[in-house]
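If you want the building blocks of each chain, they are given just below.
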Amino acid sequence: MAVKKNQENVGILKKLPVSNNVCTFGSNVKKIGEEDPRKLVHSIKVGLAIALVSLFYYFEPLFNYEGFGVSSMWAVLTVVVVFEFSVGATLGKSVNRGIATFLAGSLGVAAHKLATFSGSNKLQPIILGLSVFSVAAIATFMRFVPKLKARYDYGLLIFILTFSMISVSGYRDHVVLDKAITRVTTILIGGAAAIVFNVVIYPVWAGEDLHNLIATYIEDLGISLEGHGTQYFKKLNIKSEEELERISLEEYKCVINSKATEENLVNFAKWEPRHGKFRYRHPWEEYLKIGNLVRKCANNINALNSDLSSCNMTQEGRKKIQEPCTKICIECGSALKEIALSMKTMTLYPTIDSYILKAKASAEKLRSIIRSGGLIEEDELQKLLPTTRIASLMLDLVSNSVEIVDSVNQLGGLMKFKILSSKPKRLGSKSRIPSGSISEAHHVVNVE
């Protein structure tokens with residue numbers, strides 16, 4: 001009886017909404033850790049850095065030394081604020097915060113001294129108020145300058161905050177210089193701790209993530225194009241139904257809104273020191289160029305997907321463009337997957353050119369069908385237009401694929417990719433980090 005009651009109680013607990021929510025939360029946490037284990041490592045690094053910096057406050061009463069006192073909290077706060085997922089983001093915020101605090105502290109002390117030299121208690125608040133107004137207004141306006149906003153927006157924000165705090169607090173507290181020195185020192189300690197932990201313990205490089213992200217996006221386009229060739233035109237020999245199901249038609253959608261993520265990663269990567277193939281003055285702007293071409297191709301695939309899903313082509317019209325369109329999808333898809341593999345392995349393969357040549361030949365065949373008036377035999381103009389539009393989009397996709405391949409080859413020349421004559425081996429799905437995982441991990445929130 002007791003066992004039966006326990007089983008009933010367990011069953012009731014499983015049915016409770018709270019229990020279901022806990023199970024769902026646990027499965028989501030497990031999924032996040034499995035998709036990108038670096039997030040778990042990052043959490044441990046942040047915990048270790050904060051614990052180490054906190055010792056400055058904990059050990060002061062134990063060893064009876066004159067430390068920073070309550071000001072030690074600025075070191076802890078600095079670690080919490082500047083410790084980001086990648087090395088580049090951490091370096092950028094640490095340098096911004098350190099330099100901004102030093103400059104603002106120096107300027108705040110100078111403003112306080114200037115107000116003191118006036119010798120009048122009535123003039124002091126006026127001088128300090130005008131100083132705060134002028135510095136805050138100028139620094140805020142500088143935040144609207146695009147180049148400064150891209151790399152130094154956080155520094156300008158901290159500059160305004162620090163200068164205002166020192167100027168205002170120094171009006172009734174005359175130990176301004178000591179406060180400024182203490183705050184700069186604790187912030188430098190916190191920033192240094194964040195940088196050391198992020199660089200030494202399993203570093204995450206924004207430049208490497210950007211490189212892999214662009215390669216993954218190109219691979220997604222290739223998968224989508226192959227999917228369109230098999231699903232819509234039904235011209236490829238499929239070995240099994242399972243293989244057909246694995247071909248995704250919507251892999252391209254994650255690429256369309258990727259511009260902000262790429263720009264953030266480029267900004268972070270510029271702060272990083274040399275590592276691996278990514279040297280100083282690395283051509284990061286080339287990644288933005290490739291990203292724009294990839295989004296252009298993704299938008300064309302999106303338009304093609306929409307037209308193929310909604311238009312009413314006649315069987316005769318579909319039959320006329322079926323062979324060249326299928327060839328274009330398959331060859332362009334193979335070329336994009338191959339060039340994505342080239343980026344991941346930093347190796348250029350000669351087989352890419354053969355795919356491009358076949359795609360161009362199919363595009364020329366499709367173009368000749370359009371020029372010869374082969375599609376005008378359709379009875380209704382309303383049914384002719386969708387067929388012509390699809391043919392035009394297919395030609396655009398060939399041009400997009402050629403541009404992407406040329407841009408990656410240009411990047412390969414700058415990065416000195418290896419050149420092999422043998423056919424590459426495909427990378428397994430296990431070596432592929434989901435693009436969503438990368439973009440979510442590098443999301444930055446500014447906290448003062």
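Quick caveat: nothing in here was measured; it's all calculated off a predicted structure. Along every chain, residues carry numbers that run from 1 in the direction the sequence is written. Only residues with pLDDT of at least 70 are given local features in this predicted model, and only at 80 or more are side-chain atom pairs given and counted; all residues enter the totals for whole chains, interfaces and linings. Only hydrogens and water are removed before side-chain values are computed, so all heavy atoms of the structure are retained for them.

Draft legend 1. Representation of the overall build of the chain within the structure. Numbering of helices and strands runs from the N terminus; a helix is a DSSP stretch of H or I covering at least four residues, while a strand is a stretch of E covering at least two. A count of helical and extended segments in the chain gives 17 helices and 2 strands. Each residue is assigned to one of three classes by its accessible area relative to the maximum for its type, calculated with a 1.4 Å probe on protein chains only: buried under 20%, partly exposed between the two thresholds, exposed over 50%. For the chain, with 448 residues in total, the buried portion stands at 44%. Expressed as a percentage of contacts within the chain between residues at least 6 apart in sequence, the contacts between residues at least 24 apart total 82%. If you sum the accessible surface of the chain, you get close to 24300 Å²; carbon and sulfur atoms cover 61% of it. In this analysis, two residues are considered to be in contact whenever any of their non-hydrogen atoms come within 4.5 Å of each other. Here, Shrake-Rupley sampling with a 1.4 Å probe gives the accessible areas, and only protein chains in the shown set may cover a residue.

Draft legend 2. View of the nonpolar core. Buried Ala, Val, Leu, Ile, Met, Phe, Trp, Tyr and Cys residues form a nonpolar core when they are joined through side-chain atoms within 4.5 Å. Ranked by size, the top nonpolar core spans 60 residues in total, and within it I218, L221, Y287, M394 and I404 carry the most contacts. Those elements that place two or more of their residues in this core are α9 (206-231), α12 (259-269), α13 (285-310), α14 (315-345), α15 (351-371) and α16 (381-415). I404 has contacts with I218, L221, L293, V294, C297 and L336, leaving out every residue within four places of it along the chain.

Draft legend 3. Representation of the packing of helix α4 (residues 72-82) against helix α5 (residues 87-117) in the model. In contact at an axis separation of 9 Å, α4 and α5 are set at 140° when each is read in the N-to-C sense. In terms of axis orientation, α4 runs oblique to α5. Where α4 approaches α5, its residues W74, L77, T78, V81 and V82 are matched on the opposing element by T90, K93, S94 and R97. Convention adopted: a line fitted to C-alpha atoms gives each axis, helices being fitted over their contacting stretch, and angles between N-to-C directions are expressed from 0 to 180 degrees. By definition in this entry, angles of less than 35 degrees are roughly parallel, angles greater than 145 are roughly antiparallel, angles of 65 to 115 are roughly perpendicular, and the rest are oblique.

Draft legend 4. Structural view of the state of the cysteines. We call a pair of cysteine sulfur atoms a disulfide when they lie within 2.5 Å. Under the definition given, this model contains 0 disulfides. Here C297 stays free of any disulfide, with the sulfur of C332 as its closest cysteine sulfur at 7.8 Å. We classify C297 as buried; its relative accessible area is 0%.

Draft legend 5. Quick peek at a nonpolar patch on the surface. Together, V95, I99, F102 and L103 give the surface a local cluster of nonpolar side chains, amounting to about 360 Å² of exposed area. Note on placement: V95 falls in helix α5. Patch construction takes residues with relative accessible area above 30% that form no salt bridge. Like charges are linked within 9 Å, and nonpolar side chains (Val, Leu, Ile, Met, Phe, Trp, Tyr) are linked within 5 Å. We count a salt bridge whenever a side-chain nitrogen from Lys or Arg sits within 4 Å of a carboxyl oxygen from Asp or Glu.

Draft legend 6. Region of the structure containing helix α7 (residues 146-169). With 24 residues, α7 should reach 34 Å at 1.5 Å per residue; the first-to-last C-alpha distance of 32 Å fits that figure. Fitting axes to the seven residues that end at a residue and to the seven that start at it, the angle between those axes gives the bend at that residue. The largest bend along α7 measures about 85° and falls at Y152. The complete set of buried residues in α7 reads D153, Y154, G155, L156, I158, F159, I160, T162, F163, I166 and S167. One less than the residue count of a helix, multiplied by 1.5 Å, gives the span that helix is expected to have.

Draft legend 7. The arrangement of the pattern of salt bridges in detail. The final tally for this structure, using the stated rule, is 12 salt bridges. Among the salt bridges present, the one from E403 reaches K296, with a minimum N-O distance of 4.0 Å. With E403 in helix α16 and K296 in helix α13, the pair connects residues that are 107 residues apart, well separated along the chain. A residue is classified by how much of its surface remains accessible, and K296, at 43% relative accessible area, is partly exposed. Beyond isolated ion pairs, a larger network of salt bridges with shared partners links R143, K149 and D153.

Draft legend 8. Focus on the packing of α5 against α7. Between α5 and α7, whose axes approach to 7 Å, the crossing angle comes to 30°. Considering their axes alone, α5 and α7 lie roughly parallel with respect to each other. Note that α5 runs across α7; the crossing there is right-handed. Facing K93, N96, R97, A100, T101, L103, A104, G105, L107, G108, V109 and A111 of α5, the residues of α7 in contact are R151, Y152, Y154, G155, I158, F159, T162, F163, I166 and S167. Charged residues are taken to be Asp, Glu, Lys and Arg, nonpolar residues to be Ala, Val, Leu, Ile, Met, Phe, Trp, Tyr, Cys and Pro, and polar residues to be all remaining types, Gly included. For the contact of α5 with α7, the per-class residue count stands at 12 nonpolar, 7 polar and 3 charged. Helix crossings get a hand from a simple test, with the near helix turned counterclockwise from the far one by less than a right angle marking a left-handed crossing and a clockwise turn marking a right-handed one.

Draft legend 9. Structural context of the environment of A150. Positionally, A150 belongs in helix α7. It is 9.0 Å that separates the C-alpha atoms of A150 and E263, two residues lying 113 residues apart in sequence.

Draft legend 10. Region of the structure containing the packing of aromatic side chains. Any two rings among Phe, Tyr and Trp, with Trp reduced to its six-membered ring, count as a pair given centres within 6.5 Å; such a pair is stacked if its planes are under 30 degrees apart, edge-to-face if over 60, and tilted if neither. A complete count under the given rule lists 3 aromatic pairs for this structure. Arranged with centres 5.7 Å apart and planes meeting at 10°, the rings of F278 and W284 form a pair that is stacked. Exposure remark for F278: the relative accessible area of 4% places this residue in the buried category. Its relative accessible area of 7% is what places W284 among the buried residues. Among the aromatic side chains, those forming a connected cluster through ring pairs are F278, W284 and Y287. The aromatic ring of W271 is capped on one face by R151, whose charged end is 4.3 Å from the ring centroid. Here, a charge over a ring means that NZ of Lys or CZ of Arg falls within 6 Å of the ring centre while also lying within 35 degrees of the ring normal. Above the ring of W74, the side-chain terminus of R183 is found at 3.8 Å from the ring centroid.

Draft legend 11. Here's a closer look at α15. Here α15 contains 21 residues, and its C-alpha end-to-end distance of 31 Å stays within 8% of the 30 Å for a straight helix at 1.5 Å per residue. If you check which residues of α15 are buried, you get T351, I352, Y355, I356, A359, S362, A363, L366 and I369. Buried residues in α15, looked at end-on, bunch into an arc of 135°, giving them a common side. For α15, the exposed residues lying more than 90 degrees away from the buried face are L357 and R371. Throughout, the arc means that of the directions going from the helix axis to the C-beta atoms.

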